[in-house]
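Take a look at the letters that make up each chain.
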Amino acid sequence: MHQDFCKSLFTIRGFYQLGQILVSVILLIVPALINGYPLLYSDSATYIESGMGLFVPIDRPIFYGLFIRIASMSYSLWFVVILQSLVIVALINRLLSYSSGVFNKLCQFH
């Protein structure tokens, strides 16, 4: 499986798909790039502090704080933004591939 992925990555189609992923991620992080820093909300500090300090806030789950800690590598919130964008691109890709398969099956009945 891993070898098939590596072989397909180094083809024209693989470079095209990698380019699509890269462009999609860049488009998703444009607002943060324009802002000059990842977008923060009123509760962002609580999640960042809970993840970095490894404590559970009374009113929030620890999971997103831990995600921030792992994704940022305790260095920069930009890594969190990029990883979240990659997850969104993967989910959109999965949704589109699933929905195109459903659409193709629906078209076969006519």
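Everything discussed here concerns the structure shown above.
Calculation rules
- Residues numbered from 1 in each chain as written.
- Predicted model: local features only at pLDDT ≥ 70, side-chain atom pairs only at ≥ 80, totals over all residues.
- Heavy atoms only, no water.
- Helix = DSSP H or I, 4+ residues; strand = E, 2+ residues; numbered from the N terminus.
- Buried < 20%, exposed > 50% of the residue type's maximum accessible area, 1.4 Å probe, protein only.
- Contact = heavy atoms within 4.5 Å.
- Areas by Shrake-Rupley, 256 points an atom, 1.4 Å probe, with all protein chains shown as cover.
- Polar contact = N/O pair within 3.5 Å; in protein donor to acceptor, adjacent residues only side chain to side chain.

### Quick word on the overall build of the protein chain
So, step 1. Secondary structure assignment for the protein chain yields five helices and zero strands.
So, step 2. Per-residue burial for the protein chain yields a buried fraction of 19% across its 110 residues.
So, step 3. The long-range fraction of contacts in the protein chain, counting pairs at least 24 apart against all pairs at least 6 apart in sequence, stands at 33%.
So, step 4. Total accessible area on the protein chain is roughly 8800 Å²; 70% of this is exposed by carbon and sulfur atoms.

### Examining the side chain of Ser 72
So, step 1. Inspection of the secondary structure assignment puts Ser 72 in helix α4 (residues 63-72).
So, step 2. At 2.7 Å, the side chain of Ser 72 and the backbone oxygen of Ile 68 are in polar contact.
So, step 3. Setting aside its immediate chain neighbours within four residues, Ser 72 contacts Met 52, Phe 79 and Val 80.

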